[in-house]
Every structure is written in C-alpha cells, then in structure tokens.
Amino acid sequence: MSTPYQIAPLSVSWAMPDPPMPAQEYFKWPDIALGATTPLEQKLGWPGGTLRVLDEAFQRQLTRKYGWEISSKSRQAPFHMAARVFRRGVAMKDQKAEQKAGQYRIRFIKALNWNDLLPHTQLCIIDQAVAEAHDIQARPNRIFMRLDEQSKTLESVAELRVLAKKTGLHTPWTIVGGGILADTAAFAAALDGQSFRLVPTTLLSMVDACIGGKTGVNFSPYGKNQLGLFAFPQEVLIALDWLTTLPPREYLAGLAEGWKHAVLRGDPALAEKVAQLDRRTQDLHLYLRDLVAVKAEIVAQDPTEQGLRAALNLGHTLAHAIERISQDKNPADSILHGEAVGIGLLFCIDMSHTLGHLNDEAWQAMTRQLKESRIVPSPADLQRFLATDDLLNPGLMQELLVGIKQDKKNMESHASEWVLLKDWGKPLQDRGRYTITVSDDDWRRCYQSFIKNWAQ
Ligand SMILES: NC(=O)c1ccc[n+]([C@@H]2O[C@H](COP(=O)([O-])OP(=O)(O)OC[C@H]3O[C@@H](n4cnc5c(N)ncnc54)[C@H](O)[C@@H]3O)[C@@H](O)[C@H]2O)c1
Ligand SMILES: [Zn+2]
C-alpha cells in the first residue's frame with residue numbers, strides 16, 4: 001500500500017425530516033408506571049422512565065409506522081425522549097415535522113502521522129486497538145475505547161458521555177475506529193447535539209458504516225442497532241493506510257459489502273475487480289471512491305429507508321440469521337458480519353435465480369465472481385461457525401427461518417421478506433417496495449438447492 005494516490009473528494013447532500021418517519025397510525029399508550037430515575041438514565045441525561053418506555057415499546061413490538069399518542073395523565077418527557085431514539089425515531093402525535101438538510105465531504109487522504117493529523121484541542125474518540133496498532137499516544141483530548149457487539153450499548157454511550165464531559169471539550173468530536181465505535185460514539189455525540197467527524201479504520205466502515213447517517217447501539221434482548229438517531233457527520237476522512245494493520249478476516253468482511261455496492265451500481269466489471277481485490281489490496285484505491293459513492297447516492301435518494309435504501313440490505317436477511325445462531329452456538333469463534341453477508345449474497349443471488357427473477361447470465365457471472373474470491377467463507381467454515389456438521393439439518397433450517405423472520409412470534413406468517421435481484425443494478429420491486437415476500441416453502445426449496453450446489 002505504498003503507492004501514492006490522489007482521489008477526488010465526494011460531496012454528499014442529505015435532507016431528512018425530524019422525526020424521520022411520518023406516522024401511518026398512532027399507538028395510544030396506556031398509563032404505565034414509570035418508576036424512579038435509574039443510574040443509567042441519570043448518566044445519559046434522560047428523564048426517569050425513558051428506559052421503561054423503551055422496554056415496553058419493544059415488548060409491544062411497535063414498529064416505525066406507529067406514531068405515539070400519550071394520554072394526558074402520563075408524564076410526557078420520558079415518552080418524548082424514548083420516541084427520539086426508538087428504532088432511530090418515531091413521531092409523537094401533534095409533533096410538527098421539521099425538515100433538516102446539510103452537506104458533508106468525504107475526503108481521501110494519505111496519512112503519514114496521525115499523532116500530528118488528529119486535532120490537538122478538540123475531543124478525539126479512538127478505537128483502542130487502532131491506537132495500539134498505529135502508536136497513537138495518550139493526550140488530554142483523547143479518549144480510547146475498546147468496544148465489541150456486546151458492549152455496543154447504552155451503558156457505553158453513557159460512559160462516553162461522562163468521559164467527554166470531564167474533558168470540557170466540545171465540537172466537533174473526531175471519531176476514529178471501525179463501525180462499532182463509530183455507531184456508538186456518533187450516537188453519543190448526536191444525543192448531546194455535538195457535531196462530529198468520522199475517521200473510519202476498517203474497510204467495512206469506509207465503504208458502509210460511516211456513510212448514511214445511521215448511528216446507534218444494540219438493545220438487549222431486542223437486538224442489534226435498535227436504539228439510535230439519524231445524524232450526519234461534518235466530514236468523513238478516509239485513509240487507506242489504516243488497513244495495513246487490519247486483520248485479513250476483517251478486510252475480506254469489508255470487501256463483501258464493497259462487492260454488494262458494485263452489484264447495486266450495475267457494474268459487472270467493477271464487481272469483478274472488487275472480488276479480485278482479496279489478494280491485491282494495493283489496487284483498492286482505484287475503486288474505493290466508486291464503492292463509497294454507491295451508498296452515498298442511494299442514501300441521498302432515500303435517507304429514511306422507505307424505498308430504495310432497503311436494497312442495501314441485499315444479502316442481509318440470511319446473514320443476520322446466521323450471525324445470531326453463530327453467536328449463540330459458537331460464541332468463541334463466531335462469524336463476522338461481512339462474512340455472513342458474503343454467504344447471504346451468494347444465497348440471495350441463487351434464490352433470485354431459482355425463483356425465476358434473475359437471468360442465467362447474471363446469475364452465473366455473479367456466482368463465479370463470488371466463488372472465485374475469498375469473500376465467501378467455505379461451507380466447512382459455515383458449519384464450524386454454526387457448530388453443526390449438517391447444513392441441511394431440519395432443526396438448523398427451522399432456526400434459520402426464525403432468525404430470518406427476526407423472532408419466534410413472527411412464525412405464523414409462513415413467509416419472509418427478501419431483497420432479490422432481476423439483473424446487475426436491478427433489485428426486484430413490488431408495488432414500489434424493494435423487499436419481496438417469499439413463502440416458507442419456497443425458501444426451504446431454495447435453501448436446500450443452494451446448499452447442495454454450494455457444497456459440491
Ligand atoms: N451505521 C451504519 O450504517 C452501519 C453499516 C454497516 C455496519 N454497521 C455496524 O458496524 C459494525 C461493524 O463494524 P466493523 O466491521 O468496522 O467492525 P469493528 O468496529 O468491530 O472493527 C473490527 C475489529 O478491528 C479492530 N480495528 C479497527 N480498525 C483497525 C485497524 N485499522 N487495524 C487493526 N485493528 C482494527 C477493531 O478494534 C475491532 O476489533 C457493526 O456493529 C454494524 O452494525 C453500521
Ligand atoms: Zn452490512
């Protein structure tokens with residue numbers, strides 16, 4: 001990665017209403033006991049009862065389409081706070097939507113010395129592993145954090161908020177790390193109305209997580225990224241030099257999302273190059289800007305995911321189910337998100353073809369590209385991640401189906417939602433929606449045929 005490169009910056013405009021989604025219907029809250037302010041609420045600066053409201057909202061399986069109507073007897077503040085962050089924001093009855101808009105630049109830089117490049121007087125929040133690998137030294141304006149999916153939580157947001165307050169430093173925060181740190185720290189910044197710059201250090205965060213304005217944390221037991229805010233950075237600074245220390249598995253995981261972007265762009269030649277980048281990382285700078293631009297453009301068209309943005313979930317339906325089972329069955333050696341996406345992509349391409357939507361030529365080319373690359377783990381790897389010796393085991397298939405539908409309660413519907421492809425750059429649409437309903441019987445048939453062919 002020693003070749004010098006010069007990549008033109010990208011300019012991204014965004015516009016979004018606040019609250020992000022208009023309500024289709026209102027959920028009328030009954031009076032619930034809110035209890036005293038918890039220590040966590042205190043640290044977050046949230047009104048007492050906010051966590052209770054959030055818990056109740058998930059228990060009741062409310063979705064983003066319901067606005068919230070509060071009976072006059074309830075205390076209002078905790079409901080308002082909870083509505084701001086519940087699945088990145090739902091509308092309150094009588095709340096007037098405000099249109100917000102802005103612009104930021106994504107700059108590609110060659111970084112020689114981060115100790116000098118990082119701001120000296122503003123707050124910097126830095127991934128501990130990155131700091132160690134790149135010898136970023138301790139300074140009064142630097143906070144180091146080591147997070148993983150288990151600690152991507154409100155507790156970490158609260159801790160960060162307390163640490164940030166102690167430094168007495170304000171805007172903008174500079175956030176240096178992978179997607180986990182960026183999602184968490186940007187959420188903390190946005191909660192406190194602080195602006196932030198993002199410096200992604202993994203390939204996945206460069207091509208995906210740092211673009212699009214989604215911030216947030218996991219909320220156990222209700223799942224990944226369930227609490228958050230839409231918030232856009234002032235600037236994104238991408239430097240490929242970080243990747244010299246990124247573990248190879250993490251690099252390939254990022255490449256899976258990059259390949260997905262090339263497919264959505266409708267660019268077989270770009271996808272081919274990306275698939276081959278698994279061994280030739282020094283060429284990444286030639287394609288990185290295009291891969292970033294795909295997501296930026298899709299988000300600009302549909303920031304709140306009411307249409308096209310859903311296509312970015314290509315490969316993610318099966319991926320999420322695999323991730324969940326792997327974390328449960330083999331927590332010590334579980335699959336990475338990008339690895340699961342690699343498998344999910346191979347599968348949804350196959351399913352698109354089996355169900356008669358994707359033409360033979362595109363199906364063959366996409367499948368070949370993925371299989372010739374190292375983006376997709378092997379069937380043997382998947383068996384290990386899922387702690388099984390048979391990927392066609394009916395018990396496992398049932399567990400996958402539960403994961404695909406998000407939870408057991410959804411099992412009565414006998415169908416699930418998928419992003420499918422018609423061709424390069426052409427996700428299948430059904431009445432303006434980019435998710436297609438597939439019956440459980442069809443899914444089983446597609447999965448069985450996929451596994452039989454894949455393992456050969
Ligand atoms: N906001 C979004 O739109 C969006 C999109 C996609 C993914 N995500 C989120 O991103 C997260 C995954 O992010 P990720 O893949 O970047 O993982 P990550 O943040 O966990 O980073 C992976 C590992 O590599 C380490 N690391 C990071 N940069 C390094 C470097 N340059 N050298 C050495 N080690 C380094 C980290 O400490 C970590 O252990 C998930 O939580 C996912 O939900 C968010
Ligand atoms: Zn993803």
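Rules behind the numbers
Residues numbered from 1 in each chain as written. Chains lettered and ligands numbered in written order. Predicted model: local features only at pLDDT ≥ 70, side-chain atom pairs only at ≥ 80, totals over all residues. Heavy atoms only, no water. Near = heavy atom within 4 Å. Polar contact = N/O pair within 3.5 Å; in protein donor to acceptor, adjacent residues only side chain to side chain. Areas by Shrake-Rupley, 256 points an atom, 1.4 Å probe, with all protein chains shown as cover. Helix = DSSP H or I, 4+ residues; strand = E, 2+ residues; numbered from the N terminus. Axes fitted to C-alpha atoms, helices over the stretch in contact; angles between N-to-C directions. Parallel < 35°, antiparallel > 145°, perpendicular 65-115°, else oblique. Contact = heavy atoms within 4.5 Å. Nonpolar A, V, L, I, M, F, W, Y, C, P; charged D, E, K, R; others polar. Core = buried A, V, L, I, M, F, W, Y, C linked by side-chain atoms within 4.5 Å. Buried < 20%, exposed > 50% of the residue type's maximum accessible area, 1.4 Å probe, protein only. Salt bridge = Lys/Arg side-chain N within 4 Å of Asp/Glu carboxyl O.

Engineer: Would you explain the site of ligand 1 in this entry?
Structural biologist: Near ligand 1 lie 23 residues; those nearest to it are Glu149, Gly179, Thr201, Thr202 and Thr245. The contact in question runs from an oxygen atom of ligand 1 to an N or O atom on the side chain of threonine 202, over 2.6 Å. A distance of 3.1 Å is found between an oxygen atom of ligand 1 and a side-chain nitrogen or oxygen belonging to lysine 224. Compared with its free state, where it exposes 870 Å², ligand 1 has 85% of that area covered by protein. Elements supplying a minimum of two residues to the shell around ligand 1: helix 5 (128–133), helix 7 (179–191) and helix 8 (203–209).

Engineer: Looking at this model, I keep getting lost on the packing of helix 9 (residues 248–264) against helix 10 (residues 268–276). Mind explaining?
Structural biologist: The relative placement of two packed helices is expressed as an angle between their axes plus a distance between the axes. In contact at an axis separation of 8 Å, helix 9 and helix 10 are set at 170° when each is read in the N-to-C sense. Taken together, the axes of helix 9 and helix 10 are roughly antiparallel relative to one another. Along its contact with helix 9, which presents Leu255, Gly258, Trp259 and Ala262, the element helix 10 presents Leu270, Ala271, Val274 and Ala275. Across the contact of helix 9 with helix 10, the residue classes break down as seven nonpolar, one polar and no charged.

Engineer: Quick question: what am I supposed to make of the nonpolar core here?
Structural biologist: A general tendency of soluble globular proteins is for nonpolar side chains to be buried together. Counting 162 residues, the largest nonpolar core has Trp29, Trp68, Ile106, Leu154, Trp173, Trp259 and Trp443 as its most contacted members. No other element matches helix 11 (residues 284–301), which puts ten residues into this core. Setting aside its immediate chain neighbours within four residues, tryptophan 259 contacts Ala271, Val274, Ala275, Leu345, Ile349, Met366, Gln369, Leu370 and Ile375.

Engineer: Looking at this structure, how should I read the pattern of salt bridges?
Structural biologist: Side chains that carry opposite charge are capable of pairing whenever their charged atoms lie near each other. According to the stated counting rule, one finds 29 salt bridges in the structure shown. Its salt-bridge partner being arginine 384, residue aspartate 381 comes within 3.0 Å of it at the nearest N-O pair. One end of the pair is aspartate 381 and the other is arginine 384, both in helix 15 (residues 379–385) and three residues apart, which spans about a single turn. For the salt bridge of aspartate 442 with arginine 445, the shortest nitrogen-to-oxygen distance reads 3.3 Å. Placement of both aspartate 442 and arginine 445 in helix 17 (residues 440–454) is noted, with a separation of three residues, approximately one turn of the helix. Relative accessible area serves as the criterion here: at 42%, arginine 445 is assigned to the partly exposed category.

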